[in-house]
Structures are given as structure tokens and as C-alpha cells.
Amino acid sequence: MFYTYLTESKSVKKLLAKEKSRVREVRAKIAKSAPPPESDPKIEALVREIIERVADKWTMLVLEVLAEHGVVRFTRLGELVGGISQKMLTKTVRQMERDGLVTRKVHPVIPPRVEYELTELGHSLGAAFCGVWIWAEEHHDQIISARKAFQAEKEPS
């Protein structure tokens, strides 16, 4: 769904074309270059945190729902994500807010109405995540072949 949403947008299509080109350039640079002698521990820690966050299925599902629906109330967000407890949804959106991926707006009514929306940073993470879809599309057949070969090795004759 998220991939479809992003790939149907004209501006995102341009972004994806640029991203594919940039991925090719980065791959070429990596192939030609040696790893840096030492990297910044702060950057390493941040990258690990971001990978951990992106690997969290709830964050990516919330990101997908907000990208598709724009501003969404808390209860509706839970319904659209599906299968998430209120406690986990609260934890997820708080982490996303802390990281600057979403904004939270509380309307002073009784009962309180809380709405969430992706920030520019959140949209950019979604666009970056599209790189995973691009990679999966490019390597789909190789992955399926590797899985079949692995399964054939593990099955008793």
C-alpha cells in the first residue's frame, strides 16, 4: 500500500528515479573505495537506532498509514494499522514524535482529541524506505532462488 501510494505521486516518481540513480552511484563508489579507518561513534549509534526503529514493524505501519491518510486521530490510526494494542500504539507514536517523524496535536475538548501527522522528516524516511522496495524488486528472483536452494538442502532426501 505504502509503496503504491508513494509510486503514484508524480513528485515521488521523480524522487524514486533520483534514488535509483543515487543508489547506483553509491554502489559504484563503495565498490571503488576502502572502508573508512574510523567512523564517528555518534553517527554509528544514530544509524543503529534508526535501523532498529525502521525494523520495528509498528513504526513502518504507522508511517504507511499516515503517508496514505494524512492527519489521523489516535483511535482511527490504531484501526488503520490493525492488530496493534493501544499501549504499543502509544509507545510507537511517542518514539516517532521524539525522533521528529510525526507531530501530535491535542485539541482541548472533552474528551481530548489527539491527531497525528507525518513531518517532512517522516515523509523523507518513507521515501528512503522505498529503496527497500526497489531493492526487493531488483533482487526478487535471486532471493526466491536462494530460499528454494536453502530449503532443498535442508529437506531430507
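Located above this text is the structure these notes cover.
Enquirer: Explain the overall build of the chain to me, please; I cannot follow it from the model alone.
Expert: Broken down by element type, the chain carries 7 helices and 3 strands. Secondary structure of the chain in N-to-C order comes out as α-α-α-α-β-α-α-β-β-α. Out of the 157 residues in the chain, the part that is buried amounts to 28%. Surface summary for the chain: the accessible area is close to 11,500 Å², and the carbon and sulfur share equals 57%.

Enquirer: Is there a simple way to think about the pattern of salt bridges in this case?
Expert: Once their charged atoms are close, side chains differing in charge can pair, the charge on each being opposite to the other. If you walk through the whole model with that rule in mind, you get 3 salt bridges. Among the salt bridges present, the one from Glu79 reaches Arg76, with a minimum N-O distance of 3.2 Å. Taken together, the residues span about one helical turn, with Glu79 and Arg76 both in helix H5 (residues 74-81) at a distance of 3 residues. Judged by its relative accessible area of 44%, Arg76 is partly exposed. Glu115 is paired through a salt bridge with Arg113; the nearest N and O atoms lie 3.6 Å apart. Its relative accessible area of 27% is what places Arg113 among the partly exposed residues.

Enquirer: Even after reading the chapter, I still don't get the packing of aromatic side chains, so can you show me in this structure?
Expert: Both the distance between ring centres and the angle between the ring planes are used here to describe each pair of aromatic rings. Taken as a whole and assessed by the stated rule, the structure comprises 1 aromatic pair. A centroid spacing of 6.2 Å and a plane angle of 50° characterise the contact between Phe74 and Tyr116, whose relative ring orientation is tilted. Here the residue Phe74 occupies a position in helix H5, and Tyr116 occupies one in strand E3 (residues 113-118), the gap between them amounting to 42 residues. With relative accessibility at 4%, the residue Tyr116 sits in the buried group. Stacked on the ring of Trp58, the Lys or Arg Lys57 has its end atom at 4.6 Å from the ring centre.

Enquirer: Would you mind going over the nonpolar core with me for this structure?
Expert: Within soluble globular proteins, side chains that are nonpolar tend to cluster in buried spots. The biggest cluster of nonpolar side chains holds 22 residues, and the ones touching the most others in it are Val62, Leu66, Leu77, Val81, Leu89, Val93 and Tyr116. Listed by contribution, the elements that provide at least two residues to this core are helix H4 (57-69), H5, helix H6 (86-98), E3 and helix H7 (120-154). Top contributing element to this core by residue count: H4, with 7 residues.

Enquirer: Explain the pairing of strand E2 (residues 102-107) here, please?
Expert: The side chains of a regular strand alternate, residue by residue, between the two faces of the sheet. Relative to E3, E2 runs antiparallel, the two sharing 6 bridges. Counted as the bridge partner of Val106 is Val114 from E3. Hairpin connection from E2 to E3: 5 residues lie between these consecutive antiparallel strands.

Enquirer: When you look at a nonpolar patch on the surface in this model, what are you seeing that I'm missing?
Expert: A cluster of nonpolar side chains, Ile43, Val47 and Ile51, forms an exposed patch at the surface whose accessible area comes to about 280 Å². Tracing the sequence through the fold places Ile43 in helix H3 (residues 41-55).

Enquirer: Help me understand the pairing of E3, please; the structure alone is not making it clear to me.
Expert: Here 2 bridges tie strand E1 (residues 72-73) to E3, and the two strands are oriented antiparallel to one another. Residue pairing for E3: Val72 is matched across the bridge by Tyr116.

Enquirer: Explanation requested: the sheet that holds E1 in the structure shown.
Expert: Within a sheet, each strand pairs with its neighbour through backbone hydrogen bonds, oriented either parallel or antiparallel. Sheet architecture is open: 3 strands sit in the order E1-E3-E2, paired in antiparallel fashion. Edge positions in the open sheet fall to E1 and E2, since each of these has one partner strand only.

Enquirer: Help me out: how do you make sense of the side chain of Thr92 in this one?
Expert: In this structure, Thr92 sits in helix H6. Exposure remark for Thr92: the relative accessible area of 0% places this residue in the buried category. In this structure Thr92 touches Asp56, Trp58, Thr59, Val62 and Ile84, once residues within four positions along its chain are discounted.

How each quantity is defined
- Residues numbered from 1 in each chain as written.
- Predicted model: local features only at pLDDT ≥ 70, side-chain atom pairs only at ≥ 80, totals over all residues.
- Heavy atoms only, no water.
- Helix = DSSP H or I, 4+ residues; strand = E, 2+ residues; numbered from the N terminus.
- Buried < 20%, exposed > 50% of the residue type's maximum accessible area, 1.4 Å probe, protein only.
- Areas by Shrake-Rupley, 256 points an atom, 1.4 Å probe, with all protein chains shown as cover.
- Salt bridge = Lys/Arg side-chain N within 4 Å of Asp/Glu carboxyl O.
- Phe/Tyr/Trp six-rings, centres within 6.5 Å; stacked < 30°, edge-to-face > 60°.
- Lys NZ or Arg CZ within 6 Å of the ring centre and 35° of its normal.
- Core = buried A, V, L, I, M, F, W, Y, C linked by side-chain atoms within 4.5 Å.
- Pairing = 2+ DSSP bridges.
- Patch = residues over 30% accessible without salt bridge, like charges linked within 9 Å, V, L, I, M, F, W, Y side chains within 5 Å.
- Contact = heavy atoms within 4.5 Å.

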